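Single-letter residue listing:
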Amino acid sequence: MLRALPGLRISGSCVVAYSIDLLPLTAPGLFLYDCHSVFYRKKFRLRLPSRTLVLGERTLIMGVLNVTPDSFSDGGAFLDSQTAVARALELERDGADIIDIGGESTRPAAAPVSAREEISRILPIFEALRGKLRIPISVDTQKAEVAEAALAAGAEIVNDISALRTDPRIAEVTRHAHAPIVLMHMRGTPRTMQRGPFARSVIRDVMTGLHEALARVRRAGLAKSQILLDPGIGFGKSQEQNFEILARLPEFARLGCPIVIGTSRKAFLGKALAKPGEPPLPPAERILGTAATVTASILGGAHIVRVHDVAEIARVVRVADSIVDSVRGTGKRKPN
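Keep in mind that what you see is a predicted model, and the values were worked out from it rather than measured. Sequence order as written defines residue numbering, which begins from 1 separately in each chain. Totals for whole chains, interfaces and linings use every residue, but because this is a predicted model, local features are given only for residues with pLDDT of at least 70 and side-chain atom pairs only at 80 or more, for both listing and counting. Each side-chain value is derived from all of the structure's non-hydrogen atoms; neither hydrogens nor water enter the calculation.

**Quick notes on helix α5 (residues 169–176)**
We apply this condition: When a residue's accessible area, from a 1.4 Å probe over protein chains only, is under 20% of the maximum for its type it is buried; when over 50% it is exposed; and in between it is partly exposed. The numbering of helices and of strands both runs from the N terminus, where a helix is a DSSP run of H or I of at least 4 residues and a strand a run of E of at least 2. Regarding the arc, it is the one traced by the directions from the helix axis to the C-beta atoms. Pairs of residues are marked as contacts when any of their non-hydrogen atoms sit within 4.5 Å.
Along α5, the residues classified as buried are Ile170, Ala171, Val173 and Thr174. Within α5, the buried residues cover an arc of 165° as seen down the axis, which keeps them to one side. The secondary structure elements touched by the buried residues of α5 are α4 (144–152), β6 (157–160) and β7 (181–184). Phi for His178, located one or two positions after α5, is positive at around 55°.

This is the structure:
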């Protein structure tokens, strides 16, 4: 039987149904949000070297292009420059708003590569795409030397999974290029991050890490209006912690920056999708899990979702955005 919790004030815009046997009022870790706080997404204007992106009117899709031999999902698939260029153009046709190009795998246990090797992988792609894409390109790197080469070749956003911890000089390079930067929370390094121990309180750990990242980048002279934050799903978090971050995503809006979320094809989805007693599903079979977590991310306030399967997820994004717009009372949105 469904009953209202004693003393619970329910907003007129939100109806919450639950079983009192399953969710007692004293349940640890139970967080109730007003619908407006869950679906609210602040608007930002992000200045790129050649254009301005409006964030928050609709969800933007960042298409993943790994130019690596060993990425967890598509390593080696786009190592050839011609294949990579064709894939970038395909991602744009499929509905990507940004292409994120990386030349170093950051999967669990991945070994780092030199800046020289990373540049040799990505630079031909940037140069070949110059003038061919109508959407901006982001460079996924932890190294200032790589970021500088990519920005000179046409990149307009830097995506640093280490949030300046690996190479603080990235902040100076980014500021000089008048480009925004994505700062991601990662516990440890790609080589060590899934060995543990994991944080006792993942939300506190991520919040603290992102506050520290913001302080580093502000000390380097970057305006807060040029900073995006990523809580780092899968980067030094347990299976349960990844889902907790998604469930409590609205809390990260307090940091005052646009939120980027990347759940696409990740291992925690492979485990969640598998039937009890069966092995995790491989990356290529995790698209339904990606769709579910992308929807949750958008309802939780994410501005950008980073995905491999752009064509399929673009449809998911349109539906999730329609839900957000209905709560806003607009009933209107710009199509992806």
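That covers the picture; the talk isn't over yet.
**A look at unusual backbone geometry**
The backbone of His178 sits at a positive phi, close to 55°, despite the residue not being glycine. Note that His178 resides in the loop between α5 and β7. A relative accessible area of 57% means that His178 is categorised as exposed. For Arg265, which is not glycine, the phi torsion reads 60° and is therefore positive. Structurally, Arg265 can be placed in the loop between β9 (260–261) and α8 (267–273).

**Points about the sheet that holds strand β8 (residues 227–230)**
Whether parallel or antiparallel, the strands of a sheet pair through hydrogen bonds between backbone atoms. Short version of the rule: Here a strand pair is declared whenever DSSP counts at least two bridges between the two strands. Where helices are involved, their axes are fitted lines through C-alpha atoms of the stretch in contact, as for all axes, and angles between N-to-C directions lie from 0 to 180°.
Pairing within the open sheet is parallel, and its 8 strands lie in the order β8-β7-β6-β5-β4-β3-β10-β9. A single partner strand is all that each edge strand has here, and the edge strands are β8 and β9. Pairing analysis gives 2 bridges linking β9 to strand β10 (residues 304–307), with the strands arranged parallel. Residue pairing across strands places Val260 opposite Ile304, the latter belonging to β10. Along the sheet, helix α3 (residues 115–129) makes contact with β3 (60–66), β4 (98–102) and β5 (137–140), crossing β5 at roughly 175°.

**Details of the pairing of β3**
Taken across its 7 residues, β3 has 7 buried, putting it largely inside the fold. By the alternation rule, side chains of β3 split into Leu60, Met62, Val64 and Asn66 and Ile61, Gly63 and Leu65, which are all buried. Relative to β4, β3 runs parallel, the two sharing 5 bridges. Bridge pairing in β4 links Met62 to Ile98.

**Topic: the environment of Ile61**
Following the sequence through the fold, Ile61 ends up in strand β3. On the accessibility criterion, Ile61 (0% relative accessible area) is buried. Sequence separation between Ile61 and Ala314 is 253 residues, and the spatial gap between their C-alpha atoms is 7.3 Å.

**Observations regarding the side chain of Arg41**
Threshold: The term polar contact refers here to a pair of N or O atoms within 3.5 Å; inside protein, the definition further demands a hydrogen-donor-capable atom paired with an acceptor-capable atom, and it admits residues adjacent in sequence only when both atoms are side-chain atoms.
Its location among the elements puts Arg41 in the loop between α1 (35–39) and β1 (44–47). Here the side chain of Arg41 touches Thr59 through a polar contact of 2.6 Å, side chain to side chain. Dropping the residues within four chain positions of it, Arg41 is found in contact with Gly56, Glu57, Arg58, Thr59, Ile298, Gly301, Ala302, His303, Asp321 and Arg328.

**So, the pairing of β8**
Here β8 shows no split at all, with Ile227 and Leu229 on one side and Leu228 and Asp230 on the other all buried. Bridge analysis of β7 against β8 gives 4 bridges, and the strand direction is parallel. Of the residues in β8, the one forming a bridge with Ile181 is Ile227.

**Section: the packing of aromatic side chains**
In plain terms, the rule: In this analysis, rings of Phe, Tyr and Trp, with Trp reduced to its six-membered ring, are considered paired at centre separations within 6.5 Å, and the interplanar angle assigns stacked below 30 degrees, edge-to-face beyond 60, and tilted for intermediate values.
Summed over all chains, the structure comprises 1 aromatic pair. With a centroid separation of 5.0 Å and 65° between ring planes, the pair formed by Phe243 and Phe268 is classed as edge-to-face. Taken together, the residues span a long stretch of sequence, with Phe243 in helix α7 (residues 239–247) and Phe268 in helix α8 at a distance of 25 residues. Take Phe268: its relative accessible area is 4%, and that puts it in the buried class.

**Topic: the pattern of salt bridges**
Pairing between side chains becomes possible if they bear opposite charge and their charged atoms approach one another. Keep this limit in mind: Every case where a carboxyl oxygen of Asp or Glu lies within 4 Å of a side-chain nitrogen of Lys or Arg is listed as a salt bridge.
Per the counting criterion, the structure on display carries 16 salt bridges. Salt-bridge contacts for Glu117 lead to Arg121; the nearest nitrogen and oxygen are separated by 3.0 Å. In this pair, Glu117 and Arg121 both sit in helix α3, 4 residues apart, roughly one turn of the helix. One salt-bridge network, in which partners are shared between bridges, spans Asp100, Asp140 and Arg306.

**A look at the nonpolar core**
Here is the rule we go by: Nine residue types can take part in a nonpolar core, namely buried Ala, Val, Leu, Ile, Met, Phe, Trp, Tyr and Cys, and a core is a set of them joined through side-chain atoms within 4.5 Å.
One finds Leu65, Ile101, Phe126, Ile181, Leu183, Leu229 and Phe252 to be the most contacted residues of the largest nonpolar core, which totals 72 residues. Apart from the residues within four sequence positions on either side, Phe126 is in contact with Ile101, Ile137, Ser138, Val139, Ala150, Ala153 and Ala155. Counting residues in hydrophobic clusters, the runner-up holds 13 residues, among them Phe44, Leu55, Leu60 and Val182.

**Let's talk about helix α2 (residues 81–94)**
Because the α-helix completes a turn every 3.6 residues, residues three or four places apart line up on one side. To keep things clear, this is the line we draw: A helix is expected to span 1.5 Å for every residue after the first.
For α2, with 14 residues, the first-to-last C-alpha span of 20 Å sits near the 20 Å given by 1.5 Å per residue. Within α2 the residues assigned to the buried category are Ala84, Val85, Arg87, Ala88, Leu91 and Glu92. Angular distribution of buried residues about the axis of α2 spans 160°; they occupy a single face of the element. Facing away from the buried side of α2, by more than 90 degrees, are the exposed residues Gln82 and Arg93. Of the surrounding elements, those touching the buried residues of α2 are β3, β4, α3 and α10 (310–328). Put simply, Asp80 is the residue that caps the front of α2, since its side-chain oxygen is 3.2 Å from the backbone nitrogen of Gln82. Just beyond α2, the residue with positive phi is Gly95, at close to 120°.

So yeah, pure geometry; function would need other evidence.
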